[in-house]
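# Fold and contact review
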Amino acid sequence: MPLAAFDQLACPLDGVPLAQDGQSWRCASGHNFDIARQGYVHLLPVQKKRSREPGDSKEMVAARRRFLETGGYEPVSDAVNRVVTAGLAVQPVWRILDAGSGEGYYTARLAEALSGQTELQVLGLDISKWAVQSAAKRYKDLSWVVASNANLPVLPEAVDALLSLFGFPVYGEFARVLKPGGLLLQVDTGPDHLRELREIIYPELKPARAEQSTCPEGFRSLGAESVRYPLTVEGQDRISDLLAMTPHGYRATEDGRRRAAELTGLTVTVDVTIRTFEKH
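Now for a description of the structure that goes with this document.

Rules used throughout
- Residues numbered from 1 in each chain as written.
- Predicted model: local features only at pLDDT ≥ 70, side-chain atom pairs only at ≥ 80, totals over all residues.
- Heavy atoms only, no water.
- Salt bridge = Lys/Arg side-chain N within 4 Å of Asp/Glu carboxyl O.
- Helix = DSSP H or I, 4+ residues; strand = E, 2+ residues; numbered from the N terminus.
- Buried < 20%, exposed > 50% of the residue type's maximum accessible area, 1.4 Å probe, protein only.
- Patch = residues over 30% accessible without salt bridge, like charges linked within 9 Å, V, L, I, M, F, W, Y side chains within 5 Å.
- Areas by Shrake-Rupley, 256 points an atom, 1.4 Å probe, with all protein chains shown as cover.
- Lys, Arg positive; Asp, Glu negative; His and termini not counted.
- Charge placed at Lys NZ, Arg CZ, Asp CG, Glu CD.

## Re the pattern of salt bridges
Inspection of every chain in the model, using the stated rule, returns 20 salt bridges. Its salt-bridge partner being Arg66, residue Asp241 comes within 2.8 Å of it at the nearest N-O pair. Here Asp241 is found in helix α7 (residues 236–244), whereas its partner Arg66 is found in helix α1 (residues 58–68), with 175 residues between them in sequence. Judged by its relative accessible area of 4%, Asp241 is buried. Relative accessible area serves as the criterion here: at 40%, Arg66 is assigned to the partly exposed category. Put simply, Arg220 and Glu278 hold a salt bridge, and the shortest N to O gap is 2.7 Å. Of this pair, Arg220 sits in strand β11 (residues 219–234) while Glu278 is found in strand β12 (residues 265–279), placing the two residues 58 residues apart along the sequence. Its relative accessible area of 39% is what places Arg220 among the partly exposed residues.

Structure (structure tokens):
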């Protein structure tokens, strides 16, 4: 069964349903949002921006796309797909929201894994205009919006599964848009993630932050699992992309970036934790 357009968008200004009208999305209050030529919709009002161009830069997005296309994080994507597939109940339509979808790598691979089982509506959402542009150009069968997790332009109780991968979870909003019994899948880096690279670019490593031990309000925990493996990164260009696609790219000192630029190969640890929750 083919992918369908995500049909549960809400106006970011007043929360009422949006309906597509030609090359625009409109609400009953008269607010209008044009569809960009790349196919996405910008639903982040100017008054709710904290900077002129929030989110990842064009350079970070391009670096992440190049690196992910090498397949280095495919085991993480495969684990996400397996958990989501196992957690979805059989029903006529599955609506999936990737809240912080970036350039769309994980979103598109999940859509591919789920396709053919039932009608599928997938919405990728990111605060970075550059990330959404990149995703919309490449994955034209999915729905894409520029928006913030703090004000999701999605109708209440519309989503069957919500992904928050390496992002900024806003549990109140997640609970609002998920159906009762809906699945929240959260992926975070573990204490050893990219440790070998961090040891090169920083004078010393900060103590690992405490892992999340409490269940978000409105949810119950379904469990957690770790994805951990060594990853060899060959070539200075790929190492540069790995550094540039993470916050370490701008947090590193000048000496740290210089040391990284001298590398021609490096084996790093990929260490992530997948936590799954169900909305009460």
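## As for a positive patch on the surface
On the surface, Arg37, Lys58, Lys137 and Lys140 cluster together into a patch of positive charge. Secondary-structure assignment places Lys140 in the loop between α4 (129–138) and β8 (143–146).

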